Every structure is written in C-alpha cells, then in structure tokens.
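# Reading the structure
One letter stands for each residue in the lines below.
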Amino acid sequence: MTQFRKLAEERVYDGSLISVGRGTFQGPDGSTFNRDLVHHPGAVSIVPVDDDRSVLLVRQYRAAIDADLLEIPAGKRDVEGEPPAETALRELAEEVGMRAGRVEKLAEFYNSPGFSNEYSYVFLGMDLQPTPSSAHSPEEAAMEIERVALDEVPMLIQTARIVDAKSIIGLCLARDFLSS
C-alpha cells in the first residue's frame, strides 16, 4: 500500500499523441516533490505467426531515435472505445496486409512507468490470410516487411538486431505460447 499522494498537476504541453504535465506529489514523510508526467492513449502490438512458424516483422523509421527498428506490428489506441484486440487486428491489416483468424492475448504492461502512463497490450495473431493494407503515415508508407523464423528470435535479440521492448516481450511470449 502506497503512502504517496498526488497533490496537483499542471498541463505543460498538449500534442497530437501525448500530453505532458508537471505533477506535485507528497511522500510518506510529508515532503513534496515534482515529476514530469507523459500521458499517452496506450498501444497495442501483435506477433503475426504464419503456419511455417515464421513471424512477419516491420522495419520502420522511428523519429525519436532517428533510426529504423525491426518490430512487430503496432499502433496507438486512438479509436475511442475500440477493444485492444480489434486495434491489434486493424494495425496488422494496415501495416502488413494480413488478417488473423485467431488472436490470443499474450500480455499487458506499462512501457515506461517512471514517467509515462502508456499501457500496452500484445497479442499473438495466427491463421493469417492476406488482406488489403493501408499506410497512414510517411513512416508506414516507407516501412518494409521482413519474414523471420521464430527460432531465430533469440539470436536477433542477443545481437541487438531487435531492440524494441514490445517486440522482445511479444516475440518471447509468442515462442513460449507456441512451444507449450
């Protein structure tokens, strides 16, 4: 049971995806302190595994690090009231042109709770079938799809070819799920 208490928050920035606040908190000893807080609508990701145990990954430019990353398909929860599994299926179709006949939730997690409330869901998508794709951003329009054997995932993580947290979480959990 926490003995911390949020006293106030001042909104500092409102963007198209996130907002930033400056929160004032009280600690167990009665002292007050401030923290920067990033508010995010949440995200979903999906590990699309084909019948041959290969995974469809996307290589996508990420502006925050000014580099391309190899990732599982993902997106923000930007449609009010849309269940996370539906968002994951929509992102899978938009980014890799596939629909999943079967979906399993693998995990839910906070990405960086030290400063952000972004909450993520990761799903496993199976029984894949082609469907039209539709890019919604310059990054999506330029992304490339890469097929990787699920058995290669540990090596890709160990050699830092996959360094994205949601992808590491999703791929490792998908391997475990499919091995049981």
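Tallied over the full model, the rule gives five aromatic pairs. Relative to Phe33, the ring of Phe25 lies with its centre 5.7 Å away and its plane at 20°, an arrangement referred to as stacked. The class of Phe33 is partly exposed, set by a relative accessible area of 23%. Clustering of aromatic rings is evident, with ring pairs tying together Tyr110, Tyr119, Tyr121 and Phe123.

Take the sheet that holds strand E2 (residues 19-26) next. Spatial ordering of the open sheet is given by E1-E2-E3, a layout of three strands whose pairing is antiparallel. The strands lining the two open edges of the sheet, one partner per strand, are strand E1 (5-14) and strand E3 (32-39). Taking each pair of neighbouring strands and ignoring which way they run, the sheet shows an average axis angle of 25°. When E1 meets E2, the two strands line up antiparallel, connected through eight bridges. Following the sheet pairing, Glu9 is matched in E2 by Gly23.

Reading guide: rules and limits
Residues numbered from 1 in each chain as written. Predicted model: local features only at pLDDT ≥ 70, side-chain atom pairs only at ≥ 80, totals over all residues. Heavy atoms only, no water. Phe/Tyr/Trp six-rings, centres within 6.5 Å; stacked < 30°, edge-to-face > 60°. Buried < 20%, exposed > 50% of the residue type's maximum accessible area, 1.4 Å probe, protein only. Pairing = 2+ DSSP bridges. Helix = DSSP H or I, 4+ residues; strand = E, 2+ residues; numbered from the N terminus. Axes fitted to C-alpha atoms, helices over the stretch in contact; angles between N-to-C directions.

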